[in-house]
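Summary of structural features
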Number of protein chains: 2
Amino acid sequence: MVSIKEVAKLAGVSIATVSRYINNPDQVKDATREKVQTAITQTGYAPNTLARNFRRGKSGIIFVVLPSVGDPFFEGVMHGIMQVAEELHYTIFIRETQFNTLTADDYSNMIFSKQADGIILLASVCPFTAPLERPGGNKQQPIIISCESVTPELSHFPSVRIDNIAASKEATEYLISLGHSNIGFIYGSHVSTLTLDRERGFRRAMKEAKMPVADGWVVEGGLNLDGARKATRKLLNHPQRPTAIFCANDEMAMGTLHEIKSAKLRVPEDISVLGFDDIRYAEILDPPLTTVAQPAEEIGERTMHRLCKAIEGRDIGDEVEIVPHKLVVRRSTSPLKKSK
Amino acid sequence: MVSIKEVAKLAGVSIATVSRYINNPDQVKDATREKVQTAITQTGYAPNTLARNFRRGKSGIIFVVLPSVGDPFFEGVMHGIMQVAEELHYTIFIRETQFNTLTADDYSNMIFSKQADGIILLASVCPFTAPLERPGGNKQQPIIISCESVTPELSHFPSVRIDNIAASKEATEYLISLGHSNIGFIYGSHVSTLTLDRERGFRRAMKEAKMPVADGWVVEGGLNLDGARKATRKLLNHPQRPTAIFCANDEMAMGTLHEIKSAKLRVPEDISVLGFDDIRYAEILDPPLTTVAQPAEEIGERTMHRLCKAIEGRDIGDEVEIVPHKLVVRRSTSPLKKSK
DNA sequence: CCTTAAAATGTAAACGTTTACATAAAAAGC
DNA sequence: GCTTTTTATGTAAACGTTTACATTTTAAGG
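Summary of the structure given here. Per-chain numbering applies: the sequence of each chain, read as written, is numbered from 1 onward. Following the order in which they are written, the chains are lettered starting with A and the ligands numbered starting with 1. It should be noted that, the model being predicted, local features are given only for residues of pLDDT at least 70 and side-chain atom pairs only at 80 or more, the latter also being counted only at that level, while totals for whole chains, interfaces and linings use all residues. Only heavy atoms go into the side-chain values, all of them from the structure, while hydrogens and water stay out.

1. Regarding the protein's contact with DNA strand C
We call a residue near a given molecule or strand whenever any one of its heavy atoms falls within 4 Å of it. Taken together, 26 residues form the shell around DNA strand C, and within it Ser14(A), Thr17(A), Thr32(A), Ser19(B) and Arg55(B) come nearest. Sugar plus phosphate: this is where 56% of the atoms of DNA strand C within 4 Å of the protein reside. In this structure, a phosphate oxygen belonging to DNA strand C sits 3.3 Å away from a main-chain N or O atom of Asn48(B). The helix count covers DSSP runs of H or I at least four residues long, the strand count covers runs of E at least two residues long, and both are numbered beginning at the N terminus. Elements with a minimum of two residues in the surface near DNA strand C: helix H2 (15-23) and helix H4 (49-56) of chain A together with helix H2 (15-23) and helix H4 (49-56) of chain B. It is H4(B) that provides the largest number of residues to the surface near DNA strand C, a total of five residues. When the residues that make up the surface near DNA strand C are grouped by side-chain class, the tally is 11 nonpolar, nine polar and six charged. Throughout this description, a polar contact denotes any pair of N or O atoms lying within 3.5 Å of each other; where both atoms belong to protein, one of them has to be capable of donating a hydrogen while the other can accept it, and for residues adjacent in sequence the pair is counted only when both atoms sit in side chains. In this classification, Asp, Glu, Lys and Arg are treated as charged, Ala, Val, Leu, Ile, Met, Phe, Trp, Tyr, Cys and Pro as nonpolar, and every other residue, Gly included, as polar.

2. Description of the packing of helix H5 (residues 74-87) of chain B against helix H11 (residues 296-311) of chain B
Residue and element names in this part refer to chain B. Interhelical geometry of H5 versus H11 gives an angle of 40 degrees and a closest axis separation of 6 Å. Classified by the angle between their axes, H5 and H11 sit oblique to one another. Crossing handedness for the pair H5 and H11: right-handed. Within the contact between the two elements, H5 uses Gly76, Val77, His79, Gly80, Ile81, Gln83, Val84, Ala85 and Glu87 and H11 uses Ala296, Glu297, Gly300, Glu301, Met304 and His305. The angle between two axes is taken between their N-to-C directions and runs from 0 to 180 degrees, where each axis is a line fitted to C-alpha atoms and a helix contributes only its stretch in contact. When an angle is under 35 degrees it counts as roughly parallel; over 145 it counts as roughly antiparallel; between 65 and 115 it counts as roughly perpendicular; any other value is oblique. Should the near helix be turned counterclockwise from the far one by less than a right angle, the crossing is left-handed, whereas a clockwise turn marks it as right-handed. Note on definitions: a residue-residue contact is assigned when non-hydrogen atoms from the two residues lie within 4.5 Å.

3. Observations regarding the sheet that holds strand S8 (residues 244-247) of chain A
All names here are of chain A. Two strands are said to pair when DSSP picks up at least two bridges between them. Reading across from one edge, S7-S6-S8-S9-S10-S12 is the order of the six strands in this open sheet, with mixed pairing throughout. Where the open sheet ends on each side, the last strands, each with one partner, are strand S7 (218-220) and strand S12 (326-328). Neighbour-to-neighbour, the strand axes of the sheet open up by a mean angle of 20 degrees, direction not taken into account. Sheet analysis places strand S6 (residues 183-187) next to S8, joined by four bridges and oriented parallel. Along S8, the bridge assignment pairs Ile186 with Cys247.

4. Details of unusual backbone geometry
All names here are of chain A. Put simply, Asp286 and Pro287 share a cis peptide bond, and its omega is 0 degrees. Following the sequence through the fold, Pro287 ends up in the loop between strand S9 (272-277) and strand S10 (290-293). Positive phi, close to 65 degrees, is recorded for Leu223, a residue that is not glycine. Its place among the elements puts Leu223 in the loop between S7 and helix H9 (225-236). The phi dihedral of Asp277 is positive, around 120 degrees, even though this residue is not glycine. Here Asp277 lies in strand S9. Working definition: with a 1.4 Å probe on protein chains only, accessible area under 20% of the residue-type maximum means buried, over 50% means exposed, and in between means partly exposed. Residue classification places Asp277 among the buried positions, given a relative accessible area of 8%.

5. A word on the protein's contact with DNA strand D
Neighbouring DNA strand D are 27 residues; Ser19(A), Arg55(A), Ser14(B), Thr17(B) and Thr32(B) lie closest to it. In DNA strand D, atoms within 4 Å of the protein come from the sugar-phosphate backbone in 57% of cases. Contact between DNA strand D and Arg20(B): a base nitrogen at 2.9 Å from a side-chain N or O atom of the residue. Here Lys29(B) contributes a backbone N or O atom positioned 2.9 Å from a phosphate oxygen of DNA strand D. For the surface near DNA strand D, the elements supplying multiple residues, two or more each, are H2 and H4 of chain A together with H2 and H4 of chain B. A per-element tally of the surface near DNA strand D places H4(A) first, with five residues. Of the residues assigned to the surface near DNA strand D, the class counts are 11 nonpolar, nine polar and seven charged.

6. A closer look at the pattern of salt bridges
By convention in these notes, a salt bridge is any Lys or Arg side-chain nitrogen within 4 Å of a carboxyl oxygen on Asp or Glu. Under the definition given, this model contains 40 salt bridges over all chains. Ionic pairing is found between Lys169(A) and Glu208(A), a salt bridge with its closest N-O pair at 3.3 Å. Taken as a pair, Lys169(A) in helix H7 (residues 164-177) and Glu208(A) in helix H8 (residues 193-208) lie far apart in primary sequence, 39 residues in all. Among the salt bridges present, the one from Glu298(B) reaches Arg302(B), with a minimum N-O distance of 2.7 Å. Of this pair, Glu298(B) and Arg302(B) both sit in helix H11, separated by four residues, roughly a single helical turn. Judged by relative accessible area, Glu298(B) falls into the partly exposed class, the value being 30%. Its relative accessible area of 29% is what places Arg302(B) among the partly exposed residues. What you see here is one network of salt bridges that share partners, running through Glu298(A), Arg302(A), Arg306(A), Glu319(A) and Glu321(A).

7. Considering the sheet that holds strand S9 (residues 272-277) of chain B
All names here are of chain B. One open sheet accounts for six strands, arranged S7-S6-S8-S9-S10-S12; its pairing is mixed. Of all the strands in the sheet, the pair left with one neighbour each is strand S7 (218-220) and strand S12 (326-328). Neighbouring strand axes in the sheet, compared pairwise and without regard to direction, differ in orientation by 20 degrees on average. Bridging between strand S10 (residues 290-293) and S12 involves three bridges; their strand directions are antiparallel. What sits directly across from Ala293, in S12, is Lys326. Relative to the sheet, helix H8 (residues 193-208) contacts strand S6 (183-187), S7, strand S8 (244-247) and S9, its axis offset from that of S6 by approximately 165 degrees. In the packing of helix H10 (residues 250-262) onto the sheet, contacts are made with S6, S8, S9 and S10, and the angle to S9 comes to roughly 160 degrees.

Next comes the structure, spelled out in C-alpha cells:
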C-alpha cells in the first residue's frame with residue numbers, strides 16, 4: 001500500500017508538504033503543488049483514512065441508528081439529516097438494529113471508543129436502559145434522540161420530536177368531532193415509548209370527552225403489517241365493533257385498511273381509519289389516508305444541528321425540542337352515519 | 001481521554017498485557033486478569049477504535065450503499081447481509097446516496113483509503129463509470145454489486161442478482177397468456193440498468209409473440225410514486241389504451257394502481273397491473289399485486305459470503321451469480337375480457 | 001543590493017494501539 | 001533442587017498521518 005512517504009520521495013519534497021497539499025493546498029506553492037499532484041497520480045496514492053482519523057482524534061462520522069431500512073417514515077428525516085451533514089462535512093452511517101437491541105450504554109461506548117463523533121437515535125431503537133456512569137464524569141455525550149419519546153429516567157438525553165401525546169389527542173378529538181365514540185386504537189409495541197405516548201393521547205381525549213374505552217379496543221399491532229392485520233381482525237370481531245380505528249402509525253394503518261376491506265366493509269362508510277406519520281404512501285392508499293403529519297425533514301435538520309453543537313463541545317442541554325405536527329384530513333375518515 | 005497506558009499503570013502491568021487481556025484474555029494469568037479488569041472499570045477505559053483500526057490496518061467495516069433508506073425492497077436483502085455479517089464479525093454501515101451520484105471510482109477509493117474493508121452496491125446506486133486504473137495494478141477489490149444489472153464495461157465487478165431480462169420476459173409472457181396484447185410498460189430511469197433490463201425482457205417477449213409495442217406504451221416512471229402516477233396518466237390517455245400495465249417495480253405499481261382507480265377504472269377488470277420485487281405491501285394492496293418475487297434474503301447472504309471471500313484475498317472472479325426469481329400471481333391481473 | 005517580513009518547506013514528535021522478540025516466572029521432568 | 005520446557009509478561013518498534021516549531025526561500029521595502 002502506497003503511503004505519503006513514497007509520494008514525498010517521488011515528488012522530492014517532505015511528507016509534511018504532501019500532507020499540506022492534501023489538507024490545505026493554498027499553503028503550498030504552485031510549482032510544488034504540481035509536483036506533488038503528479039506524484040500522487042503516478043503512485044495512485046490515497047490517504048489512509050484509518051491513520052488520519054487516528055491522528056486527528058475524530059472520525060467525522062455520525063451514526064444514525066434505526067430499527068429497519070425499508071421503513072418509509074425515515075426517509076424525510078434522513079433527508080434533513082444528510083443535508084446538514086453535507087454542509088458541515090460529516091459522513092452519515094446508518095446502523096440498522098433489526099432484532100438485536102443495543103442498550104444506551106452500547107451507544108455511549110461507541111462514542112468513548114471513537115467509532116463515531118456523534119449518534120442520532122431514531123424511533124423505537126431500543127428498550128432504553130440508563131447508561132453506565134463513567135468515572136470520567138458523565139459530562140454530556142454527543143448522543144441525541146430523534147422522533148422517539150423517552151422514558152423519564154433517560155431524560156438526560158436531548159431530543160427532538162413532535163408532541164406525540166398532544167398530536168394523538170387532537171387526532172382523536174377530530175374523530176370524536178365526526179361523531180365517533182366507539183374508537184379502536186392499535187398501538188405499536190410496549191418497547192416503543194413513542195406509540196405508547198400516542199396511546200396516552202388517545203386515552204386522554206376519550207376521557208375528556210367522557211367516552212369509555214371498552215376492553216379490547218386497544219390492541220397491539222407490533223408496528224408492522226402482519227401485527228396490524230391481526231389486531232384489526234380482533235377489533236372487527238369485537239362485540240362492540242368500533243366505528244373508527246386509530247393506528248399508531250401509517251404502516252399499521254395500511255394493514256388495517258386491507259383487513260377491513262377484506263371483511264367486505266367499506267372505509268370510511270363503515271369504519272373510519274386514521275393513521276400517523278404521513279408516509280409517502282398515505283395519499284395513494286384506497287381511500288387516501290387521514291393521518292398526522294410530522295415535519296420529518298425539519299426534525300432531521302434540527303436534530304443534526306443540535307448534535308453538531310454538542311460535538312463541538314457546547315452545551316445543548318437535555319431538553320426536548322418540540323416541532324409542530326399537523327393533522328392531514330383525507331378520505332379514510334368521515335362523519336359517523338346514524339344508520340342504526 | 002483515558003488510554004491503555006493509564007490502565008496499565010493502575011493495574012501495575014505493561015500496556016502489552018492490557019492489550020492482550022482485551023484481545024486474547026486466555027493468554028493472561030487469572031490473577032492478572034482481575035487486576036486489569038479492575039483497572040479498566042475504575043478508569044472507565046474503552047479501547048480507541050481509531051487507533052486499533054489504524055494499527056491493524058483494517059476496520060472490520062463493510063459499506064452497503066443504497067439509494068434511499070425507506071425503500072421497502074431492501075429490507076430483505078439487508079436481512080441476509082446482516083445475518084452473515086454477524087456470523088463473520090463484520091460491522092455493516094449503510095450509506096445512503098440520495099441524489100449525489102458517486103462514481104465507481106469513489107468506491108474504489110473508499111477501499112484504498114481504508115474506510116471500509118469491502119463494499120456492497122445495491123441497486124441503482126450510481127450512473128456507473130469505469131474506475132480509474134490504479135498504478136498498483138487493478139487486482140481485485142472487495143466491491144460487489146447486488147441486485148443491479150451492470151453495463152458491460154463494468155463487468156469486472158462481481159455481482160449477485162436475478163436474471164432481470166428473463167424474469168421480465170416471463171412475466172410479460174404471463175400477461176400475453178392471459179390474452180393481453182396492448183401492454184404498457186413503465187420503466188424506472190435511464191440510469192437504472194436494472195429497470196432497463198426489465199424493459200428489455202418486456203420487449204423481447206412482445207417481439208417473440210409478434211406483438212407490436214406502440215409508440216408511447218413505454219414510459220419513464222422515475223422509480224417513484226409521483227413519476228409512476230404521471231406515467232400512468234399518459235398511458236390512460238393514450239389513443240390505444242393498454243389493457244395491462246407492467247411496472248418495473250412495486251413502488252411504481254402502487255402509484256399506477258392509484259391512478260387507474262382515480263380514473264374510475266377497475267383493476268383487473270379494466271386494466272391488469274403487474275409489478276416487480278414483491279415488497280411487503282404487494283399482498284395488501286387493493287387488489288393484491290401480481291408481481292415478480294426476488295429471493296431478497298438469499299441475495300443478501302450470497303453477496304456477503306462472496307464479498308468476504310474477496311476481503312480475505314481469495315479470487316471470486318467477476319461473474320454474475322444468478323439466483324432464481326418467481327412470478328407471484330395475485331389478483332391485479334386477469335384474463336382480458338373480450339367485451340369489445 | 002541589503003535588510004526585514006512573509007511565505008513555503010522541512011524536521012521530528014506525537015497519537016494509542018498491536019505484536020515480534022526478549023526476558024522473567026512458573027511448571028514439569030528427572 | 002537443578003535443568004528444561006512451557007507459560008506469562010515486559011520492551012520497544014511500528015503503523016501513516018498531522019502539526020508545532022525550526023529553517024529556508026521568496027517577496028517587499030528602502
